[in-house]
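# Coordinate inspection notes
Take a look at the letters that make up each chain.
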Amino acid sequence: MDKLSVITSFLHAIVVYNVPLLYGTVGEIVVEKSGSLNLGVEGIMAVGAIFGYMMGCFANSLGVGIGVAFLAGVLCGLLFAFLTVSLQANQNITGLTLTTFGLGVYFFVGTSLKAVKWPVMGDYSNIMKGFAELPIPGLSKLPVIGSGLFSHNIMVYLGVAIAVVLWWYLNKTAPGLRLRAIGENPGAADSVGINVNRMKYLHICLGCGIMGIGGYYMALNMGGSFNSNCWINGYGWIAVALVIFANWSPALAILGTFVFGFFNTLKVSGSTLAAAFPGGLGWLADIPSQVFDALPFIITAVVLVVSSVQKKKNSGQPAFLGLNYFREER
Amino acid sequence: MGLHIVKRENCPLWKRCCFYLIAVLVALGIGSVILLAIGVNPVAYYTRMFTLGTIGNKIAYKTYINYLKDFVPLALTSLGLSLAFKMRFWNIGGEGQFIMGALAASAAAILLGNTLPSAAVLLLICVAAMAAAGLYGLLVAALKVKFGTNETLLTLMLNYVAVYLLNFLMGTKAGWNFYLNANELRPVPQKHPDSSLFPTIPMGGKFELNICVILVFVIGLLIYVYLKRTKQGYEINVVGDSIGTARYAGMKTNRIVLRTVFFSACLIGLAAAFKMGTVGTLSTSITADVGWTGIIVAWLAQLNTWVIFAVSALISMLHYGSTVAAATFKQVDSSFANMLQGFILFLVLAADFMIRFRIVRTRKEDRNG
């Protein structure tokens, strides 16, 4: 029985600590489907995290936190869209700067706030209540996997719901089709009357807003304790990798989050598993944690290389990814 | 009446300089507003930042020495990146290449430092670092040329592979791990022998100029000549303008890409060798983010060799100055420099637009015709 509870808590940890990745990934998929490569995920999540946390505590409401984090992300997206869509700036450079800038904002705001008074998450009853687990009736009663997979806080359900809705939106609706057309060939999309710039603005902002919520979720996971490590701590970069691993599909991103989350969680609880199952999993304790850290990036690098070698026909990578569309040069 | 944008030909130099100057000043202006909002006097803060806190400081020479330790790797990394960027090869793997270079340099210094004369050790450090970083970059270039692998995403992934390799070596006590001090129980990095440190030239007073500073300017000159006066430099420019034209002209574009990316990564490796040869100990934060900052510097400098030096000097000043100022202004985190750097780049990108494009009014009859 005790061994089974180890597995249950392992599954639980995979979901709780890695669904922020899903937000980052799904947000980035929406942005990339419009043909824009935004390397600012890490920074945007950080901005969403700090403002969402601050205002959420200030209003003592999880909803306000989510809303503010979304808005902060949207503002970052607006900046990115303005520079790359309207002003034709290079996407790689703008995105990377957004990361540096976002982390700068995160530490600057956090440090200034700390100099006055840091809000402690435990003091805000509504946030604690809102972030508590809501077991799904029925499913959560299943043995072993029940409380591992089907008893989570509202942010987990929201993340999965956003991924499913966006999968539907991208693949089954007319605006989703138009968006994908822009990512593949903006000139052609423009010529059939699609407003390329408006679509890009809308979806870059939407995607970045979703990343912002993911950042806020990270803040809540960290219990809102501010120290020298950023709350996001590289999750934004893993999300960029996960987009490739998930082949630009929000539905596959749910699966991908579970795979990458599995490695993330092994890093933390590998030794617990090894202790519970010394016979079968004892070797886990000998693997250095950095291997698990590097695995998402190694796997993604391999996926990138293999899919380019095979010249995959069904690759989800938008053909125009990373390139700006300048109408006069059509 | 509507507005639309058209490309502008040849904006005069003075006008460009004005645009960029305005961009930087506006960025500093936004910074002042933020400082005022949290109750810090911006004039006092900026003064402290841009003088690196040297006014009335008895050990100011140390500040200059440390500042140059930041400046040299940043300038050299940025120079290296600019070569690849000129060909529109998006090498954003500077961070990973720097780490590979640093690991090779450190290995050479620790394993050979006590057995060979200093000059030989220094040469070996540089060669080892350049080879390691160069190959790490070449791998990506080869995949790009052969299979069309997306180099932006692949170099990004390889950065993190290098980061965690470094973390692993810095955190794992074992008999084989010569990177750590064998006499310590906890993982403490092994100090390099003195023979593996670059010599310094006394400049009067207590200030000593590290030879790396001179070398980096010599390398800058060589790169300038290489780009402007040699066939290979010309080829880089043609490939950057249009790879189709280059092929049509009979250039072996694949070979040019491979050679230039290798060369680009080698320079980043050399930056790592210079860093290791001045600080003398490896650490998990050895890169000081130059791989990332270098990209921004190269772009701000429009990939111009000499402007890269000027921008590196400015950006190192922001970063070094902000850590100095953070000691006096406790409520301002040293990451203020990152924010400021962001504002500067965003505004320079906007200024860039004004330089590259013109906004003109369209008349109705034009559009119908």
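Above this text you will find the structure in question.
Values in this document were obtained by computation on a predicted structure and should not be read as measured data.

### Concerning the overall build of chain A
Each helix and strand in chain A was counted, giving 14 helices and two strands. Taking 330 residues into account, the globule formula puts the C-alpha radius of gyration at 20 Å, and chain A, at 20 Å, falls close to it. By principal-axis analysis of the C-alpha atoms, chain A measures approximately 65 × 55 × 40 Å. Within chain A, the fraction of its 330 residues that count as buried is 57%. Residue pairs at least 24 apart in sequence account for 78% of intrachain contacts in chain A once pairs closer than 6 positions are excluded. Roughly 12,900 Å² of accessible area belongs to chain A as shown, and the carbon and sulfur atoms make up 68% of that amount. Here chain A contributes 17 positive and 12 negative side-chain charges, whose respective centroids are spaced 8 Å apart.

### Focus: the overall build of chain B
What chain B contains, in helices and strands, is 14 helices and four strands. Across its three principal directions, the C-alpha atoms of chain B cover 85 × 60 × 40 Å. By the burial criterion, 52% of the 369 residues in chain B qualify as buried. Within chain B, contacts between residues separated by at least 24 positions form 74% of all contacts whose residues are at least 6 apart in sequence.

### What to know about the interface of chain A and chain B
Taken together, the contact pairs 45 residues of chain A with 45 residues of chain B. Put simply, chain A and chain B have seven residue pairs in polar contact (both at pLDDT 80 or more) between them. Sorting the residues of the side of chain A that touches chain B by element identifies α3 (62-86), α4 (91-116), α11 (235-245) and α14 (289-310) of chain A as the ones contributing at least two each. When residues of the side of chain A that touches chain B are assigned to their parent elements, the largest contribution, 15 residues, is made by α4 of chain A. Across the side of chain A that touches chain B, the residue classes break down as 27 nonpolar, 14 polar and four charged.

### Points about helix α7 (residues 211-229) of chain B
In an α-helix, one turn spans 3.6 residues, which is why side chains three or four residues apart end up on the same side. All names here are of chain B. With 19 residues, α7 should cover 27 Å at 1.5 Å per step; its first-to-last C-alpha distance of 27 Å lies within 8% of that length. Looking at α7, one finds that the buried residues are C212, V213, V216, I219, G220, I223, Y226 and L227. Down the axis, α7 shows its buried residues gathered within 135° of arc, on one side only. Those residues of α7 that are exposed and angled more than 90 degrees off the buried face are L222, K228 and R229.

### Some details on the side chain of S316 of chain B
Residue and element names in this part refer to chain B. By the secondary structure assignment, S316 is in helix α12 (residues 305-328). What makes S316 buried here is its relative accessible area of 3%. Side-chain polar atoms of S316 contact the backbone oxygen of S312, separated by 2.5 Å. In this structure S316 touches Y67, D70, F71, L74 and G321, once residues within four positions along its chain are discounted.

### Here we look at the packing of aromatic side chains
Residue and element names in this part refer to chain A. Per the counting criterion, the structure on display carries 39 aromatic pairs over all chains. Relative to Y217, the ring of F131 lies with its centre 6.0 Å away and its plane at 75°, an arrangement referred to as edge-to-face. Linking F131 in the loop between α5 (125-130) and β1 (134-135) with Y217 in helix α10 (residues 196-221), this pair joins segments that are 86 residues apart in sequence. Y217 sits in the buried class, given a relative accessible area of 0%.

### Some words on the pattern of salt bridges
Residues and elements named next belong to chain B. Applying the stated criterion across every chain, the model contains four salt bridges over all chains. We note a salt bridge from K144 to E151, for which the minimum N-O separation is 3.0 Å. Classification of K144 by relative accessible area gives partly exposed; the value is 31%. Here K231 ties to E235 by a salt bridge, and the two come within 3.7 Å at their closest N and O atoms. Of this pair, K231 and E235 both sit in helix α8 (residues 231-241), four residues apart, roughly one helical turn. For E235, a relative accessible area of 10% puts it in the buried group. Residues joined in a network through salt bridges with shared partners are K231, E235 and R259.

### Notes on a nonpolar patch on the surface
Residue and element names in this part refer to chain B. A grouping of I201, M203, I214, V218 and L222 is seen on the molecular surface, where their side chains present a nonpolar patch of about 430 Å² in accessible area. Element by element, the count of residues in the nonpolar patch is highest for α7, at three residues. For V218, the position within the fold is in helix α7.

### Considerations on unusual backbone geometry
Positive phi, close to 45°, is recorded for N233 of chain A, a residue that is not glycine. Looking at the secondary structure, you find N233 of chain A in the loop between α10 and α11. We note that R88 of chain B has phi near 60°; this positive angle belongs to a residue other than glycine. Residue placement: R88 of chain B occurs in the loop between α3 (60-86) and α4 (94-112). Taking relative accessible area as the criterion, R88 of chain B reaches 53% and is therefore assigned exposed.

### Quick look at α14 of chain A
All names here are of chain A. When the terminal C-alpha atoms of α14 are compared, their 32 Å separation across 22 residues agrees well with the 32 Å that a helix rising 1.5 Å per residue should span. Along α14, the helix axis deviates most sharply at L295, where the bend reaches about 40°; the proline P296 sits within four residues downstream. Positive phi appears at K311, one or two residues downstream of α14, with a value of about 50°.

### Considerations on the packing of helix α1 (residues 2-33) of chain A against helix α12 (residues 250-276) of chain A
Residue and element names in this part refer to chain A. Contact geometry for α1 and α12: axes closest at 6 Å, N-to-C directions at 145°. Our pair here, α1 against α12, has a crossing hand that is right-handed. Looking at the contact of α1 with α12, its residues break down into 20 nonpolar, eight polar and one charged.

### Looking at the packing of α3 of chain A against helix α13 (residues 336-356) of chain B
The axes of two packed helices give the description: the angle between them and the distance between them. Where α3 of chain A contacts α13 of chain B, the axes come no closer than 10 Å and their chain directions differ by 25°. Put simply, α3 of chain A runs roughly parallel to α13 of chain B. In this structure, α3 of chain A crosses over α13 of chain B, and the sense of that crossing is left-handed. Together, L79, L83 and S86 of chain A of α3 of chain A and F346, L349, A350 and F353 of chain B of α13 of chain B make up the contact between the two elements. Of the residues contributing to the contact of α3 of chain A with α13 of chain B, the split by class is six nonpolar, one polar and no charged.

### A short note on the state of the cysteines
Residue and element names in this part refer to chain A. Within this structure, the stated rule accounts for zero disulfides over all chains. Free cysteine: C208, not disulfide-bonded; nearest cysteine sulfur from C205 at 6.8 Å. A residue is classified by how much of its surface remains accessible, and C208, at 0% relative accessible area, is buried.

### Some words on the environment of V43 of chain B
All names here are of chain B. Mapping V43 onto the fold places it in helix α2 (residues 42-50). Residue V43 is classed as exposed on the basis of its relative accessible area, which comes to 59%. Here the alpha-carbon distance between V43 and S32, two residues 11 residues apart in the chain, equals 8.0 Å.

Cut-offs used in this document
- Residues numbered from 1 in each chain as written.
- Chains lettered and ligands numbered in written order.
- Predicted model: local features only at pLDDT ≥ 70, side-chain atom pairs only at ≥ 80, totals over all residues.
- Heavy atoms only, no water.
- Helix = DSSP H or I, 4+ residues; strand = E, 2+ residues; numbered from the N terminus.
- Rg over C-alpha atoms; globule rule 2.2 N^0.38 Å.
- Buried < 20%, exposed > 50% of the residue type's maximum accessible area, 1.4 Å probe, protein only.
- Contact = heavy atoms within 4.5 Å.
- Areas by Shrake-Rupley, 256 points an atom, 1.4 Å probe, with all protein chains shown as cover.
- Lys, Arg positive; Asp, Glu negative; His and termini not counted.
- Charge placed at Lys NZ, Arg CZ, Asp CG, Glu CD.
- Polar contact = N/O pair within 3.5 Å; in protein donor to acceptor, adjacent residues only side chain to side chain.
- Nonpolar A, V, L, I, M, F, W, Y, C, P; charged D, E, K, R; others polar.
- Expected span 1.5 Å × (residues − 1).
- Arc of directions from axis to C-beta.
- Phe/Tyr/Trp six-rings, centres within 6.5 Å; stacked < 30°, edge-to-face > 60°.
- Salt bridge = Lys/Arg side-chain N within 4 Å of Asp/Glu carboxyl O.
- Patch = residues over 30% accessible without salt bridge, like charges linked within 9 Å, V, L, I, M, F, W, Y side chains within 5 Å.
- Bend = angle between axes of the 7 residues up to and from the residue.
- Axes fitted to C-alpha atoms, helices over the stretch in contact; angles between N-to-C directions.
- Left-handed = near helix turned anticlockwise from the far one by under 90°.
- Parallel < 35°, antiparallel > 145°, perpendicular 65-115°, else oblique.
- Disulfide = S-S within 2.5 Å.

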